[in-house]
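Here's the letter readout for the chains.
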Amino acid sequence: AQSVTQPDIHITVSEGASLELRCNYSYGATPYLFWYVQSPGQGLQLLLKYFSGDTLVQGIKGFEAEFKRSQSSFNLRKPSVHWSDAAEYFCAVGHTGTASKLTFGTGTRLQVTL
Amino acid sequence: GAVVSQHPSWVICKSGTSVKIECRSLDFQATTMFWYRQFPKQSLMLMATSNEGSKATYEQGVEKDKFLINHASLTLSTLTVTSAHPEDSSFYICSAKGQGRDTIYFGEGSWLTVV
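Here the structure is a predicted model, which is why all the values come from computation and not from measurement.

This part covers the overall build of chain A. Tallying secondary structure elements over chain A gives 0 helices and 12 strands in all. What you see in chain A, going N to C, is helices and strands ordered as β-β-β-β-β-β-β-β-β-β-β-β. Its C-alpha atoms give chain A a radius of gyration of 13 Å, within 12% of the compact-globule value 13 Å for 114 residues. Out of the 114 residues in chain A, the part that is buried amounts to 48%. Taking as baseline every contact in chain A between residues at least 6 positions apart, the subset at least 24 positions apart corresponds to 54%. Here chain A has roughly 5300 Å² of accessible surface; of this, 48% comes from carbon and sulfur atoms. Treating the 9 positive side-chain charges of chain A as one cloud and the 8 negative ones as another, the clouds have centres 7 Å apart.

Right under this line is the structure:
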């Protein structure tokens, strides 16, 4: 069965600093990978996804993620964080053969200091 | 972009009663919808897959008689928590997939508090 690990429960960065959120997955074949953001009390917004092709994926709000098969990782990055980026970030992998049914990581809470 | 709406956003119910949560796809036909549950400070856990016109498929450990799912039309799936108890208090969120689409869209979620 697939699984997702987000090693960092909580990260604090200063506004304007760069950000990298880690995500490792366990899956036998080429995975469908996603990053979602959740603001307090709200639903999920898709930041970006990887299905195939270019391993560097660009998303919304200036985020990008790189799929590294050798490391089973799909880390999320942003060069310069804004205060409005403070939220919970979830990495997810699609279940076998589907991009619809997802297994989520435990999430990383991002705090941005001014 | 596609919009998925859930209703209600917040609901408080008494222990032992049932509560229904709706998930609607507003601008596309959703052949499949998914229901997740998220306990405070935890991740989202898939509860069940809802296919239009057929019975829902439940994940291991989820009681199908307690969490009734109905997907009667291509734009609406409902989750009914029957005989709710305080331990059912959680954030319930749905996602929807349209025909021919490879992207799923999440609703805003519904907070259930059972007192």
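For soluble globular proteins, nonpolar side chains are generally found buried alongside one another. One finds W35(A), L48(A), F74(A), L76(A) and Y89(A) to be the most contacted residues of the largest nonpolar core, which totals 27 residues. Breaking this core down by element, the ones donating at least two residues are strand 2 (10–14), strand 3 (19–21), strand 5 (33–38), strand 6 (44–50), strand 8 (64–68), strand 9 (73–78), strand 10 (87–94) and strand 12 (108–113) of chain A. The greatest single-element share of this core, amounting to 4 residues, is contributed by strand 10 of chain A. In terms of nonpolar packing, the next biggest core, distinct from the first, is built from 24 residues, V81(B), Y92(B), L112(B) and V114(B) among them.

Let's shift gears to the interface of chain B and chain A. The extent of an interface is frequently quoted as the accessible surface area lost upon association of the parts. With 19 residues of chain B at the contact, the number on the chain A side is 18 residues. Roughly 1400 Å² of surface becomes buried between chain B and chain A when both sides are summed, with 57% attributable to carbon and sulfur atoms. Counting across the chain B and chain A interface gives 1 salt bridge. Two residues, E59(B) and K101(A), come together in a salt bridge whose shortest N-O distance is 3.4 Å. Taken together, the connections running from chain B to chain A amount to 5 residue pairs in polar contact (both at pLDDT 80 or more). Broken down by secondary-structure element, the contributors of at least two residues to the side of chain B that touches chain A are strand 4 (30–38), strand 5 (44–51), strand 9 (90–98) and strand 10 (104–106) of chain B. For the side of chain B that touches chain A, the per-class residue count stands at 9 nonpolar, 6 polar and 4 charged.

All names here are of chain A. Tracing the sequence through the fold places E88 in strand 10. Classification of E88 by relative accessible area gives buried; the value is 12%. A distance of 3.0 Å separates a polar atom in the side chain of E88 from a polar atom in the side chain of R109. Apart from the residues lying within four places of it in its own chain, the contact partners of E88 are Y36, V37, Q38, T106, G107, T108 and R109.

For the rest of this paragraph, the subject is the pairing of strand 5 of chain B. Residues and elements named next belong to chain B. Where burial is concerned, most of strand 5 is hidden: 6 out of the 8 residues are buried. Across 7 bridges, strand 4 lies against strand 5 in antiparallel orientation. Its bridge partner lying in strand 5, R37 is registered against M45. What sits between strand 4 and strand 5 in their antiparallel hairpin is a turn of 5 residues, with K41 showing a positive phi close to 60°. Pairing geometry for strand 5 and strand 6 (residues 57–58), over 2 bridges, is antiparallel.

Rules behind the numbers
Residues numbered from 1 in each chain as written. Chains lettered and ligands numbered in written order. Predicted model: local features only at pLDDT ≥ 70, side-chain atom pairs only at ≥ 80, totals over all residues. Heavy atoms only, no water. Helix = DSSP H or I, 4+ residues; strand = E, 2+ residues; numbered from the N terminus. Rg over C-alpha atoms; globule rule 2.2 N^0.38 Å. Buried < 20%, exposed > 50% of the residue type's maximum accessible area, 1.4 Å probe, protein only. Contact = heavy atoms within 4.5 Å. Areas by Shrake-Rupley, 256 points an atom, 1.4 Å probe, with all protein chains shown as cover. Lys, Arg positive; Asp, Glu negative; His and termini not counted. Charge placed at Lys NZ, Arg CZ, Asp CG, Glu CD. Core = buried A, V, L, I, M, F, W, Y, C linked by side-chain atoms within 4.5 Å. Buried area = accessible area lost by both parts, 1.4 Å probe. Salt bridge = Lys/Arg side-chain N within 4 Å of Asp/Glu carboxyl O. Polar contact = N/O pair within 3.5 Å; in protein donor to acceptor, adjacent residues only side chain to side chain. Nonpolar A, V, L, I, M, F, W, Y, C, P; charged D, E, K, R; others polar. Pairing = 2+ DSSP bridges.

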